[in-house]
Amino acid sequence: MKKFINDPADVVADALRGLAAAHPDLRVQHEDRVVLRRDAPVHGKVGLVSGGGSGHEPMHAGFVGLGMLDAACAGEVFTSPVPDQVVAATRGVDGGAGVLHIVKNYTGDVMNFEMAAELVAAESDTEVVAVVTDDDVAVQNSLYTAGRRGVGVTVLVEKLAGAAAEEGRPLSEVAEIARRVSGNGRSMGVALTSCTVPAAGRPTFDLPEDEMEVGIGIHGEPGRRRVPLAPAREIAEMLVEPVLADLDFTGGDGVIAFVNGMGGTPQLELYLMYAEVVAVLEKAGIGIARNLVGDYMTSLEMAGCSVTLLKADDELLRLWDAPVRTPALRWGT
Amino acid sequence: MADALDAAACTTWVREFARLVHEQRDALTQLDAAIGDADHGSNLDRGLTAAVSALDAASPASPAAVLAMVATTLIRTVGGASGPLYGTFFLRAAGALDGGDRAALAAALRAGLDGVASRGKAAPGDKTMLDALSPACDALDEALAQGRPLDEALRAAAEAAARGRDATVPMVARKGRASYLGERSAGHQDPGATSAALLVEAAATALAGRG
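Residues numbered from 1 in each chain as written. Chains lettered and ligands numbered in written order. Predicted model: local features only at pLDDT ≥ 70, side-chain atom pairs only at ≥ 80, totals over all residues.

Concerning the overall build of chain A
- On a plain count of helices and strands, chain A comes out with 8 helices and 14 strands.
- In summary, chain A has a C-alpha radius of gyration of 19 Å against a globular reference of 20 Å for 333 residues, a match within 12%.
- The principal-axis extent of the C-alpha atoms belonging to chain A is close to 55 × 50 × 40 Å.
- Every one of the 333 residues in chain A was classed for burial, and the buried ones make up 59%.
- Considering only residue pairs separated by 6 or more positions, chain A has 72% of its internal contacts joining residues 24 or more positions apart. (Helix = DSSP H or I, 4+ residues; strand = E, 2+ residues; numbered from the N terminus. Rg over C-alpha atoms; globule rule 2.2 N^0.38 Å. Buried ≥ 20, exposed ≤ 12 C-beta atoms within 10 Å, placed from the backbone. Contact = placed C-beta atoms within 7 Å.)

Overview of the environment of Glu142 of chain B
All names here are of chain B.
- Within the secondary structure layout, Glu142 lies in helix 7 (residues 130–145).
- Given 14 C-beta atoms within a 10 Å radius, Glu142 is considered partly exposed.
- For Glu142 and Ala157, which are 15 residues apart along the polypeptide, the C-alpha to C-alpha distance reads 9.4 Å.

What to know about the sheet that holds strand 1 (residues 26–29) of chain A
Residues and elements named next belong to chain A.
- Ordered in space as 1-2-4-3-5-6, the 6 strands form an open sheet in which the pairing is mixed. Unpaired on one side and paired on the other, strand 1 and strand 6 (128–133) mark the two borders of the sheet. Across the sheet, the mean angle separating the axes of adjacent strands is 20° when strand polarity is ignored.
- Note: strand 1 against strand 2 (residues 34–37), 4 bridges, orientation antiparallel. Looking at the pairing, Arg27 lines up with Leu36 of strand 2.
- Contacts from helix 2 (residues 83–93) reach strand 1, strand 2, strand 3 (47–54), strand 4 (71–77), strand 5 (99–104) and strand 6 within the one sheet, and its direction differs from that of strand 3 by about 155°. (Pairing = 2+ DSSP bridges. Axes fitted to C-alpha atoms, helices over the stretch in contact; angles between N-to-C directions.)

Considerations on helix 6 (residues 232–246) of chain A
All names here are of chain A.
- If you check helix 6, its first and last C-alpha atoms are 22 Å apart, about what 15 residues at 1.5 Å a residue would give, namely 21 Å.
- Along helix 6, the positions that sit buried rather than exposed are Ile235, Ala236, Leu239, Val240 and Val243.
- On the buried face of helix 6, the contacting elements are strand 7 (185–191), helix 7 (267–284) and strand 12 (304–311). (Expected span 1.5 Å × (residues − 1).)

Overview of the domain arrangement of chain A
All names here are of chain A.
- Along its sequence, chain A is organised into domain 1 (11–184) and domain 2 (185–331).
- Just the C-alpha atoms count here: the centres of domain 1 and domain 2 sit 21 Å apart.
- Contacts between the two partners involve 36 residues from domain 1 and, on the opposite side, 41 residues from domain 2.
- Counting residues per element, the ones that place at least two in the side of domain 1 that touches domain 2 are helix 4 (153–166) and helix 5 (171–183).
- When residues in the side of domain 1 that touches domain 2 are grouped by element, the largest group, 9 residues, is from helix 4. (Domains from an automatic or database assignment.)

Considering the nonpolar core
- Formed by 189 residues in total, the largest nonpolar core has its most connected members in Ala71, Leu160 and Ala161 of chain A together with Leu140, Ala157 and Val200 of chain B.
- The biggest single contributor to this core is helix 9 (residues 191–206) of chain B, with 10 residues.
- For this core, the domains that each give at least three residues are domain 1 (11–184) and domain 2 (185–331) of chain A. (Core = buried A, V, L, I, M, F, W, Y, C linked by C-beta atoms within 7 Å.)

Some remarks on the packing of helix 7 of chain B against helix 9 of chain B
Residue and element names in this part refer to chain B.
- Two elements in contact, helix 7 and helix 9, have axes separated by 7 Å at closest approach and are oriented at 30°. Residues Asp131, Ala132, Leu133 and Ala136 of helix 7 touch helix 9, and the partners they reach there are Ala193, Ala196, Ala197 and Val200.
- Looking at the contact of helix 7 with helix 9 residue by residue, the class counts come to 7 nonpolar, no polar and 1 charged. (Nonpolar A, V, L, I, M, F, W, Y, C, P; charged D, E, K, R; others polar.)

Some points on the UniProt feature "domain: DhaL" (unreviewed entry) in chain B
- Those places that UniProt annotates as "domain: DhaL" (unreviewed entry) correspond, in this numbering, to residues 8–205 of chain B.
- Helix makes up 73% of residues 8–205 of chain B and strand 0%, with an end-to-end C-alpha separation of 14 Å. (UniProt positions renumbered as here; feature names shortened; annotations may be inferred.)

Quick notes on the sheet that holds strand 11 (residues 288–294) of chain A
Residues and elements named next belong to chain A.
- The sheet built from 6 strands is open, its strands ordered 9-8-7-12-10-11 with mixed pairing. Whereas interior strands pair on both sides, the edge strands pair on one side only; in this sheet they are strand 9 (225–228) and strand 11. Within the sheet, the average angular offset between the axes of one strand and its neighbour, ignoring direction, is 20°.
- Here 7 bridges tie strand 7 to strand 12, and the two strands are oriented antiparallel to one another. Along strand 12, the bridge assignment pairs Ala191 with Gly304.
- Packing of helix 4 onto the sheet brings it into contact with strand 7, strand 10 (255–261) and strand 12, and relative to strand 12 it is tilted by some 50°.
- Contacting strand 7, strand 8 (211–214) and strand 12, helix 6 runs over the sheet at an angle of about 155° to strand 7.

Quick word on helix 8 (residues 150–167) of chain B
- Here helix 8 of chain B is 18 residues long and its end C-alpha atoms lie 25 Å apart, about the 26 Å a rise of 1.5 Å per residue gives.
- Buried positions along helix 8 of chain B lie against helix 6 (102–120), helix 7 and helix 9 of chain B.

What to know about the interface of chain A and chain B
- With 31 residues of chain A in contact, the opposing surface of chain B contributes 27 residues.
- Top contributing element to the side of chain A that touches chain B by residue count: helix 3 (residues 107–123) of chain A, with 5 residues.

Right, here's the structure in full:
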């Protein structure tokens, strides 16, 4: 696998230099590997902090800005950030109204954010609330696993809770929105290829030309099962049906439908998949109120996609339409 | 008879652990690629290299201070699950270390083990680090209770850790990222148990000849 790299050990630091140069709206604390809104902390506003391993770009740093995150912590590739980073980000966004941590349910992320919250509590009176996303229906039995993984819904949580915070809502309400989004969203993903972690230098798993992994997370880890490659129509059914089986999406105000590219699938194919998702939802009698199609939560150069459905309501749709100005998501301003 | 554990001995132990992890770095990462996300070797190597540099720079005076410095360095540099887990191991071991005799060493290792279990909410049999650490602590306690010398007791612990590591192969993972594979995690040796066996092996090597 050929990659644009100077030294595998410097990939994250080098990329953050580029991010800083490209986006003057952001402030990058290179020592901490924390990306903040330039105007952080915003006085009187709840601060939103997320973070995770690198390799999922634009998540999370690409979602820092007005109407979304106040700060993002970049870990090593596919490795959660360390507590010091989260502490630095939390301090940097504390505008006096408390801080919300948005954490994907992966063992390392949860432990490092927990340790960071303990450190913040020991050193200051900043109120911190953590919301853990766990929307991946591929993980069925949470009794014998670390629980469902946090995947696509995380992007929606960051947008919607970010909009609520921008309105000046208090921490308890912003956290409630984040939990509601996480609780009413479900996802399922598929990989057509593996991906190569720069420091490892070779693909994380071997996937033959005629097979795909169904039920993947976002770290190039193998999925739930390996099946023969199928037409897009059938793959869309494989992704949407378990999502629909897990939560009743009928009635109400329809769904926000999110088809996310894993990094190595062209837009052409993502729109093709979105058309198939629309068809499956039509057949199921589920209306699409809003949509998002593109690479928002990737696994390096993995080919594949995930489908996330969020049960919408008036308030969530209003928050969805609210202005957002970040490197990766930008409308209404 | 020298104390089992003084600051120099602790530093030698950490240095030997770092050396073994560096040597096995790619193998650990390969094991992780099979059931995880292909970063265990590189992350732990990075953290232990930093820990050894920190010890070189500061030369902490007591064994507990050595272990605490390793803990904070790992927590600060590793990330992922292994940073908090190994960090907690050394932090709890440092906190429990009372004196420098054999019993103190065994108690410190036991406290580290308990810390890993509570931080990771895992138990033996879940296909994790605990599957190497738990039998190692049991073997160490048993050998010391029989009055065997520390050399032999640590060797027994290292062998128990290696057996525990090997026993993870058929297990189905219940914690960490490997758990998402369900039944497909069976047939692979757990990378965390593998590095944990190196930790015990390093203790047996580094503390040999200390009574």
